[in-house]
Amino acid sequence: MNSQNYHSTEANKNYFSVSQFKNMLDCEARALAEVQGEYIRPPSTALVVGSYTHAAFDSEEEFLSFQEENHDSIFKTRGGKYAEFVQADLMIETIKNDQFAMFAMEGEKEKIFTAELFGATWKIKVDSINYQRKTFSDLKTTQSLSNRYWSDKYHKYVSFVQAYDYVLQMAIYREVIAQNTGEYFNPYIVAVTKETPPDKAVLHFDNSRFEFEIDFTKSLMDRFVRVKSGEETPIRCDKCAYCRQTKQLNNTFEIEYLLD
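Anyway, here's the lowdown on the structure attached to this text. (Residues numbered from 1 in each chain as written. Predicted model: local features only at pLDDT ≥ 70, side-chain atom pairs only at ≥ 80, totals over all residues. Heavy atoms only, no water.)

The helix and strand tally for the chain stands at twelve helices and seven strands. Over its C-alpha atoms the chain spans a radius of gyration of 20 Å, differing by no more than 12% from the 18 Å that the globule rule assigns to 260 residues. Along the longest, intermediate and shortest principal axes, the C-alpha atoms of the chain span 60 × 55 × 40 Å. By residue count, 40% of the 260 residues in the chain fall in the buried class. A separation threshold of at least 6 residues defines the contact pool for the chain, and within that pool the share at least 24 residues apart is 61%. Carbon and sulfur atoms make up 48% of the accessible area of the chain, which totals about 15,100 Å². Where the 30 positive side-chain charges of the chain centre and where its 39 negative ones centre are 2 Å apart. (Helix = DSSP H or I, 4+ residues; strand = E, 2+ residues; numbered from the N terminus. Rg over C-alpha atoms; globule rule 2.2 N^0.38 Å. Buried < 20%, exposed > 50% of the residue type's maximum accessible area, 1.4 Å probe, protein only. Contact = heavy atoms within 4.5 Å. Areas by Shrake-Rupley, 256 points an atom, 1.4 Å probe, with all protein chains shown as cover. Lys, Arg positive; Asp, Glu negative; His and termini not counted. Charge placed at Lys NZ, Arg CZ, Asp CG, Glu CD.)

A separate point is the packing of helix α4 (residues 45–55) against helix α7 (residues 83–96). Two elements in contact, α4 and α7, have axes separated by 10 Å at closest approach and are oriented at 30°. Overall, the two elements α4 and α7 adopt an arrangement that is roughly parallel. Of the two possible hands of crossing, α4 and α7 adopt the one that is right-handed. Mapping the contact onto sequence places T45, V48, V49, Y52 and T53 in α4 and E84, F85, A88, D89 and I92 in α7. Its residues placed into classes, the contact of α4 with α7 shows six nonpolar, two polar and two charged. (Axes fitted to C-alpha atoms, helices over the stretch in contact; angles between N-to-C directions. Parallel < 35°, antiparallel > 145°, perpendicular 65-115°, else oblique. Left-handed = near helix turned anticlockwise from the far one by under 90°. Nonpolar A, V, L, I, M, F, W, Y, C, P; charged D, E, K, R; others polar.)

Excluding glycine, a negative phi dihedral is what most residues carry, and trans is how most peptide bonds are arranged. With an omega of -5°, the peptide bond between T196 and P197 qualifies as cis. Positionally, P197 belongs in the loop between β6 (186–193) and β7 (200–203). At K134, a position not held by glycine, the phi torsion is positive, near 55°. Tracing the backbone shows K134 in the loop between β2 (120–130) and β3 (135–142).

This part is about empty space enclosed by the protein. The final tally for this structure, using the stated rule, is one cavity of 30 Å³ or more. Roughly 70 Å³ of internal volume is contained in the largest cavity. Lining the largest cavity, in full, are H54, F57, D58, M105, K109, E110, D127, S128, S137 and L139. Within the residue set of the lining of the largest cavity, elements represented by two or more residues are β1 (108–117), β2 and β3. (1 Å grid on protein atoms, 1.4 Å probe; cavity = no way out; pocket = protein on both sides within 12 Å on 5 of 7 lines; lining within 4 Å. Points joined across faces, edges and corners; volume = space filled by probe spheres on them.)

Attention now goes to the nonpolar core. Formed by 37 residues in total, the largest nonpolar core has its most connected members in W122, V126, F136, I172, V176 and I177. Mapped onto this core, the elements with two or more residues apiece are α2 (18–26), α3 (28–35), β1, β2, α9 (160–163), α10 (166–181), β6 and α11 (208–229). Among all residues touching V126, those that are not within four sequence positions of it are K109, E110, K111, F113, F136, S137, Y173 and I177. With 20 residues, the next largest nonpolar core counts V48, V49, I74 and A104 among its residues. (Core = buried A, V, L, I, M, F, W, Y, C linked by side-chain atoms within 4.5 Å.)

Given below as structure tokens:
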């Protein structure tokens, strides 16, 4: 497993990842189609901006290479960058100009680990891992540090960290890293907002949060493994782009269905 084949169809078939698990939560049918290489989500500007921001903290060479590969998405025909990437540059500078944020991100970049968890083989790629301090960190962008989101999972309003299952991500990463190092490392999120000027924070976790996330993951993995292996029929969400694209009608619906 390396950076070249980490996102390949073969790797996605052979390994679970946090993103694949979250995709299964959203729509099993779409997630399975993506794993099998039968469906590729249309590229989004938000995804490119996120990768652009991460690349800026890998190395200067990696950042330049990313800009060359995605030149038409980043740069206008008449020169200059599109507004989203101008904003991303502000976010990058906000972090680079903060000594504590950069301290939290010190370590080996884009380190890949694999491990057996919950009846499946998992792969993770860690933004930054520091073996001396026994810490790892992940850079996240968000609209605002204080936005609240309703969560059916937690049955309450939560922060962006819980809403986007970043606590679950850190819990899985801790387990995989522990299997590879023999020790549990402490995770941090370095968050930067899309506001002007950007806000920022370094976030830590109470360890008690991870037990819930591990139990939550365990409770679903048996089914997800069977869905991925073809032993169970994947459930369609009937709302995502994949489901709309592949929908075949076979009945009528009472109008109340439109509000589901």
